[in-house]
Amino acid sequence: MPLLEAKDLTHVFPNGTIAIRDISLQVHAGEFVIIAGANGSGKTVFIRHLNGLLVPTKGKVLIDGEPIAKNIAKARRKIGLIFQDSDSQIVGQTVAEDVAFGPENLNLPVPEVDRIVRETLETVGLSDLSSQSPHTLSGGQKRKLAVAGVLAMKPNIIMFDEPFTGLDYPGVVQVLQQLVQLHKAGHTIILVTHELEKVLAHADRLLIIHKGELVEDGKPEDVISRTENYGVRIPLKNGEEVGEVTWLR
Amino acid sequence: MAQVTFFHYIHKDTILHRMDGRLKLLCMLLLSLSASLASEWWHYLAPLALVAIALIIAKLPIIALLKDMKFFAIIILIVMVTNAFTIAGDPIPYFPFESVSMQGVITGLRFAGRLTLIIMVCTIVTGTTSLLTFKNVIEWYLRPIPFIPEVRVATMINLTFVLIPVIFDSYTEMMNAQKSRCVELRKNPIKRVNFIVFPLLSRTLRRTDEIIYAMESRCYSEIRTRAIFKTNKIDWLILTICVAVLFFVIL
């Protein structure tokens, strides 16, 4: 049984614009899936349906075979979403307080919240900054904090929405290392990006959304030659294999 | 104002920093009340002494605080002068302004003293209490009041403080972007304000939407973990001293 399944998802905005149309998709445990597409293709709208932030006009999302609409809180615990703009995701006045936000929402006892915060900050390497204001962190550190905020909820699936946007080279490498570590630790990863050259080597599947429709879904080496038809640059240099396309050395 | 020490939390490890926030807020109210009710000059001695001791114990930067008092000096001066000119009484011999009375000057000094004391008390409390503690204390005090959603109120206060630096950053960025396109050459100040206010408002609302989505995706709930407060003997002792000061003033 797939861990996550979308069936005929369609979302129409109140002004009549069709954001996504009839998208069906299955994600299995432990997969690393990249969703690519040009700006405005509907990638963000699609993943926001996967943890119940948006309600589809038609279709449904299932997690472990159960519709997420039945228990939204459970779906959001299981599927963490890291937003494109980390500043929008940070709600705490200190790093530790922000990580505690999720566990506190789950009404966990204070000692357990403290333990989760300590462990999560250690995992992402932000323990030394726990009492700092998130506002003072660098772009890469803010992205790490956003990941920590989601990890504290102990999700099975972690979705990243354009995680490399606005980061310098060390920032991208930091985020990439974290992505690979999380995947190795057993998390299912769904990554939305159009910057395939930074990460493609680590993916098991590559999906392309074009004008709201899922137009490609397959192994990266099978799909990669057609990405430019949909406004996504082919990341391969002359003679390069898909397995070499990464900023991690 | 970013470098002003007033009303900013300064992280230290002192008795006052560790004090139970609920009692600290109560002490602030008691001392402010003492300062407001003081009628004789010697009444001010007890709260003043307590504030001085608290400043030393809290290890707050006293010189920086005194320098920053200049922001309040104008208000205090206005209070003093207004009282001196408006309260009727005996004229001051050899003083050039006849409308200034002795009683007015004394009342003005008294009000200035009260205001200074209250500002100092608030500075000590805010300087030794983190915003998170404040939020938890407000939530705790609002909890018994019916029909007030205390968690929502506390979350709103928290988000306000989170958003303020972000909005300031947006403002600076937009201002610089407009300066780079010579906005200063526009003579009409209303138009210049318009160029900033509407984009800033629209960006802030969009960001607020995103924050709501982010909070929802992390299971935001009003039934959430409650803060645990710890009260020790020293906290009770400090509260008792504040109560004693109030009695000293009113009796």
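Given the structure is predicted, the values throughout are model-derived calculations rather than measurements.

Parameters at a glance
Residues numbered from 1 in each chain as written. Chains lettered and ligands numbered in written order. Predicted model: local features only at pLDDT ≥ 70, side-chain atom pairs only at ≥ 80, totals over all residues. Helix = DSSP H or I, 4+ residues; strand = E, 2+ residues; numbered from the N terminus. Rg over C-alpha atoms; globule rule 2.2 N^0.38 Å. Buried ≥ 20, exposed ≤ 12 C-beta atoms within 10 Å, placed from the backbone. Contact = placed C-beta atoms within 7 Å. Pairing = 2+ DSSP bridges. Axes fitted to C-alpha atoms, helices over the stretch in contact; angles between N-to-C directions. Domains from an automatic or database assignment. Parallel < 35°, antiparallel > 145°, perpendicular 65-115°, else oblique. Left-handed = near helix turned anticlockwise from the far one by under 90°. Nonpolar A, V, L, I, M, F, W, Y, C, P; charged D, E, K, R; others polar. Expected span 1.5 Å × (residues − 1). Arc of directions from axis to C-beta.

Trainee: If you had to explain the overall build of chain A to someone new, which residues and values would you point to?
Mentor: On a plain count of helices and strands, chain A comes out with eight helices and ten strands. For 249 residues, the compact-globule estimate of 2.2 N^0.38 gives 18 Å, and chain A sits close to it at 18 Å. Across its three principal directions, the C-alpha atoms of chain A cover 50 × 45 × 35 Å. Among the 249 residues that make up chain A, the fraction classed as buried is 49%. The contacts of chain A with a sequence gap of at least 6 include a subset with a gap of at least 24, amounting to 68%.

Trainee: With reference to specific residues and values, describe the sheet that holds strand β7 (residues 157–161) of chain A.
Mentor: Residues and elements named next belong to chain A. In space, the six strands of this open sheet follow the order β6-β7-β8-β3-β9-β10, with mixed pairing throughout. Among the strands making up the open sheet, the edge pair consists of β6 (79–82) and β10 (213–218). When the angles between neighbouring strand axes are averaged without regard to direction, this sheet yields 15°. Direction of pairing for strand β9 (residues 205–210) relative to β10: antiparallel, over a ladder of five bridges. Bridged to H210 within β10 is E213.

Trainee: Run through the domain arrangement of chain B, naming residues and quoting values.
Mentor: When the domains of chain B are assigned, the result is domain 1 (15–130 + 231–250) and domain 2 (150–217). Measuring from the centre of the C-alpha atoms in domain 1 of chain B to the corresponding centre in domain 2 of chain B gives 36 Å.

Trainee: Please provide a residue-by-residue account of the packing of helix α4 (residues 95–105) of chain A against helix α5 (residues 110–124) of chain A, values included.
Mentor: Helices that pack against each other are described as a pair by the angle of their axes relative to one another and the distance between those axes. All names here are of chain A. The geometry of α4 relative to α5 is characterised by a closest axis approach of 9 Å and an angle of 125° between their N-to-C directions. It follows that α4 is oblique to α5 by the angle criterion. Seen along the crossing, α4 lies across α5 with a hand that is right-handed. Packed against α4, whose contacting residues are A96, V99, A100, P103 and E104, the element α5 presents V113, I116, V117, T120 and L121 at the interface. The class makeup of the residues in the contact of α4 with α5 is eight nonpolar, one polar and one charged.

Trainee: Residue-level account of the interface of chain A and chain B, with values.
Mentor: In this complex, chain A contributes 27 residues to the contact, which on the side of chain B involves 25 residues. Among the elements of the structure, α2 (72–78), α3 (86–89), α4 and α5 of chain A are those that each provide at least two residues to the side of chain A that touches chain B. The element that contributes the greatest number of residues to the side of chain A that touches chain B is α4 of chain A, accounting for five residues. Grouping the amino acids of the side of chain A that touches chain B by side-chain chemistry returns eleven nonpolar, ten polar and six charged.

Trainee: Describe the sheet that holds strand β4 (residues 58–63) of chain A, with residues and values.
Mentor: Neighbouring strands of a sheet are bound in pairs by backbone hydrogen bonds; such pairs are parallel or else antiparallel. Residue and element names in this part refer to chain A. What the four strands build is an open sheet, ordered β2-β1-β4-β5; its pairing is antiparallel. One side of each edge strand has no neighbouring strand; the edge strands of this open sheet are β2 (18–27) and β5 (66–67). In the packing of helix α1 (residues 43–50) onto the sheet, the strands contacted are β1 (4–12), β2 and β4, and the crossing angle to β1 comes to about 125°.

Trainee: An account of helix α7 (residues 169–184) of chain A is requested, with residue identities and associated values reported.
Mentor: Residue and element names in this part refer to chain A. Over its 16 residues, α7 runs 22 Å from end to end, which matches the ideal 22 Å to within 8%, given 1.5 Å per residue. Along α7, the residues classified as buried are V172, Q174, V175, Q178, L179 and L182. All buried residues of α7 lie within an arc of 160° about the axis, which places them on one face of the element. Across α7 from its buried face, at more than 90 degrees, point the exposed residues Y169, P170, Q181 and K184. Structurally, α7 contributes buried residues whose contacts are with α5, α6 (139–151), β7 and β8 (188–192). G186 sits one or two positions beyond α7 and adopts a positive phi of about 105°.

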